[in-house]
Amino acid sequence: MNAAIRGRSRPVYMDHAATTPVRPEVVEAMLPCFSERYGNPSSVYALAREAQVTLEKARGQVAEAIGAATEEIYFTSGGTEADNWAIKGVAAANRKKGDHIITSAIEHHAVLHSCRTLEKQGYRVTYLPVDEFGRVEPAAVEEAITDATILISVMAANNEIGTIQPIAAIGEIARDHGIPFHTDAVQAIGAIPIDVDSMGVDLLALSGHKFYGPKGIGALYIRKKTRIGTFMDGGAQERGRRAGTENVPGAVGLGKAIELAVAEMPENVTRLTAMRDRLIREILETIPDTRLNGHPTERLANNVNVAFRYIEGESILLMLDTLGVAASTGSACTSASLEPSHVLTACGLPPEQAHGSLRLTLGSQNTDEDVDYVLSVLPRVVERLRKMSPLNPER
Amino acid sequence: MYSERVMDHFMNPRNMGEIPDADGVGEVGNPACGDIMRITLRIEEDRIVDAKFKTFGCAAAIASSSMATELIRGKTVDEALAVTNRAVAEALEGLPPQKLHCSVLAEEGIHKAIDDYRSRHGAREANGG
């Protein structure tokens, strides 16, 4: 029986929404910052000034990539810190104005759990529902606004199902009402065009390792005049708003990676979309009782998310892993909780189908041969697990 | 994350399937939690001569079902009832803490299948008497 499953194995990494390999050009740009240009940008001598110049160049690269001004970019330890800072910082600075926050049910936990913390402190949070494709309705954002609303936070694109949100439409509503608008763009950088002005975004979180940059570095864009508290107390780094000696190598890597990601976006999107659409089409055609999660067209070019009925996601992942394929699932069985993905359940999937979801996220090194290989092994994995399942009606 | 024994029972499950006209059937679990186990038993003279499982769940759930059915085959009903979730987990060379509930589910599945057998068996005896 295992002969059908084993046989030739090929290493295929299709979990680029989790993390990406660092590009050689990025590593090369970072390397001198470790042992040659190691100065602390806060010091006064030449070595430090050199580090300061390097850091500000990287800040400019990040700003350029999202249409911001250089001084509106604040380096953080990653996307999670940027989201935490945006939400808690704006909430704290506007406490006298109001206590109401609007977000969506499908945000990343960095946003959702920040909101939960604020709820414990007495803030009120509206978690907007999404449609079956995972889209937030802009009109629903407007309806949720009250006199006490001090922040709107809706992600640019979802990490699990890849659904792209109507950010510009929500941004316009936020601007009309004079409410700060934060977007978690961690999955969106290098995947969709981002321009903070035309999208009406006041705060934006991004993370280096999602676009072939290093881990441990991200940034928060803060539009000038946005009221926000400090996140880290200490030295005067990051214009006095985020203390701590700057991660100069990380920032340099982030700057280089975002520059390359944005420059190469058009050709990457074309290439990845073709692979994505072939994967989706052939999986749905060849494997019965399967559905696509997320939006058919308004989705990230690299995201495939399908639900297989009657089987559980972690089992699928482990069998794929023995065949060399690295993927991800919305099933809770990979974590300590028993709850399936909050994103898939918000889209209306019953729990057993949410448990049976598989996420494949494509990236720079994937080829058509990788797609062929996944399409050749996946039906056998699904069939094998379905034979074991008491839910399968074909007994 | 998983022991070699868990991976072996996951990739090469023992006793996978369903006994037709089984003497005892136990289905436990809940789709919301992502685990459903269905244990079927063939019992002759109070001895489990065959045990099979079907499981919807993670690798730990599948391996626990496989190991549990292995452990109770050939045992008397009373001996099978003494097989604990700990015994299943130990036979698998351990389970990660967040997966221990899978071995609990296997124990519950066996108990439920035996309860089903006893209620039917008892009912038959009562009818006969």
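Just so it is clear, the structure is predicted and the values come from calculations on it, not from any experiment.

### Considerations on the overall build of chain A
1) Next: When helices and strands are counted, chain A shows 13 helices and twelve strands.
2) Next: Here the C-alpha radius of gyration of chain A, 22 Å, is about what a compact globule of 395 residues would show, namely 21 Å.
3) Next: Of all 395 residues assigned to chain A, the portion counted as buried reaches 52%.
4) Next: By sequence separation, contacts in chain A at least 24 residues apart represent 72% of the contacts at least 6 residues apart.

### Topic: the nonpolar core
1) Next: Counting 152 residues, the largest nonpolar core has Ala219, Leu220 and Tyr221 of chain A as its most contacted members.
2) Next: Lining this core are residues from two domains, each supplying at least three of them: domain 1 (2-16 + 265-388) and domain 2 (24-263) of chain A.

### What about unusual backbone geometry?
Residue and element names in this part refer to chain A.
1) Next: Its identity is not glycine, yet Arg239 carries a phi of approximately 55°, on the positive side.
2) Next: By secondary structure assignment, the location of Arg239 is in the loop between strand E8 (218-222) and helix H8 (248-263).
3) Next: A tally of 11 C-beta atoms within 10 Å means that Arg239 is categorised as exposed.

### Here's the deal with the confidence of the model for chain B
1) Next: Summing up the model confidence of chain B, the mean pLDDT is 93 and the portion of residues at 70 or higher is 95%.
2) Next: For this predicted complex, the interface confidence reaches an ipTM of 0.93, while the overall pTM sits at 0.94.

### Some thoughts on the interface of chain A and chain B
As a measure of interface size, the accessible area lost when the parts come together is often cited.
1) Next: Across the boundary between the two partners, chain A contributes 22 residues, which contact 21 residues of chain B.
2) Next: Per-element tally for the side of chain A that touches chain B: the top contributor is helix H10 (residues 313-322) of chain A, with four residues.
3) Next: Each residue belonging to the side of chain A that touches chain B can be placed in one class, and the counts come to twelve nonpolar, six polar and four charged.

### Quick notes on the packing of helix H4 (residues 79-93) of chain A against helix H5 (residues 109-120) of chain A
All names here are of chain A.
1) Next: Across the interface, H4 lies against H5 with an axial gap of 9 Å and an inter-helix angle of 30°. With respect to H5, the element H4 is oriented roughly parallel. Between H4 and H5 the crossing geometry is right-handed. Residues Gly79, Thr80, Asp83, Asn84, Ile87, Lys88 and Ala91 of H4 lie in contact with H5, whose contacting residues are Ala110, Val111, Ser114, Cys115 and Leu118.

### Looking at the sheet that holds strand E1 (residues 24-30) of chain B
All names here are of chain B.
1) Next: What the three strands build is an open sheet, ordered E1-E2-E3; its pairing is antiparallel. Taken across any chain shown, the strands that pair with only one partner, and hence form the sheet edges, are E1 and strand E3 (47-56). For this sheet, the mean angle separating the axes of adjacent strands, direction not counted, is 15°.
2) Next: As paired strands, E1 and strand E2 (residues 35-44) are joined by seven bridges and run antiparallel to one another.

### Looking at the pairing of strand E5 (residues 149-153) of chain A
1) Next: E5 of chain A sits mainly inside the fold: five of its five residues count as buried.
2) Next: Note that the unit made of E5 of chain A, helix H7 (residues 167-177) of chain A and strand E6 (residues 181-184) of chain A has a crossover that is right-handed.

### Side note on the domain arrangement of chain A
All names here are of chain A.
1) Next: Each assigned domain of chain A is listed here: domain 1 (2-16 + 265-388) and domain 2 (24-263).
2) Next: If you look at the interface, domain 1 gives 20 residues, while domain 2 gives 21 residues.
3) Next: Put simply, the parts of the chain that give the side of domain 1 that touches domain 2 at least two residues each are strand E10 (303-308) and helix H11 (342-346).
4) Next: Here the side of domain 1 that touches domain 2 gets three residues from one element, more than from any other, and that element is H11.
5) Next: Tallied by class, residues from the side of domain 1 that touches domain 2 come to six nonpolar, eleven polar and three charged.

### As for the environment of Lys210 of chain A
1) Next: Relative to the helices and strands, Lys210 of chain A is located in the loop between strand E7 (203-207) and E8.
2) Next: The sequence separation of Lys210 of chain A and Leu385 of chain A amounts to 175 residues, and the corresponding C-alpha distance is 31 Å.

### Side note on the pairing of E10 of chain A
All names here are of chain A.
1) Next: A large share of E10 lies buried, amounting to six of its six residues.
2) Next: Pairing of strand E9 (residues 290-292) with E10 involves three bridges; the strand directions are antiparallel. Paired with Thr290 across the two strands is Phe308, which belongs to E10.
3) Next: Pairing of E10 with strand E12 (residues 357-361) involves five bridges; the strand directions are antiparallel. Paired with Asn303 across the two strands is Thr361, which belongs to E12.

Cut-offs applied
Residues numbered from 1 in each chain as written. Chains lettered and ligands numbered in written order. Predicted model: local features only at pLDDT ≥ 70, side-chain atom pairs only at ≥ 80, totals over all residues. Helix = DSSP H or I, 4+ residues; strand = E, 2+ residues; numbered from the N terminus. Rg over C-alpha atoms; globule rule 2.2 N^0.38 Å. Buried ≥ 20, exposed ≤ 12 C-beta atoms within 10 Å, placed from the backbone. Contact = placed C-beta atoms within 7 Å. Core = buried A, V, L, I, M, F, W, Y, C linked by C-beta atoms within 7 Å. Domains from an automatic or database assignment. pLDDT = per-residue confidence, 0-100. Nonpolar A, V, L, I, M, F, W, Y, C, P; charged D, E, K, R; others polar. Axes fitted to C-alpha atoms, helices over the stretch in contact; angles between N-to-C directions. Parallel < 35°, antiparallel > 145°, perpendicular 65-115°, else oblique. Left-handed = near helix turned anticlockwise from the far one by under 90°. Pairing = 2+ DSSP bridges. Right-handed = clockwise from strand over helix to strand, strands pointing away.

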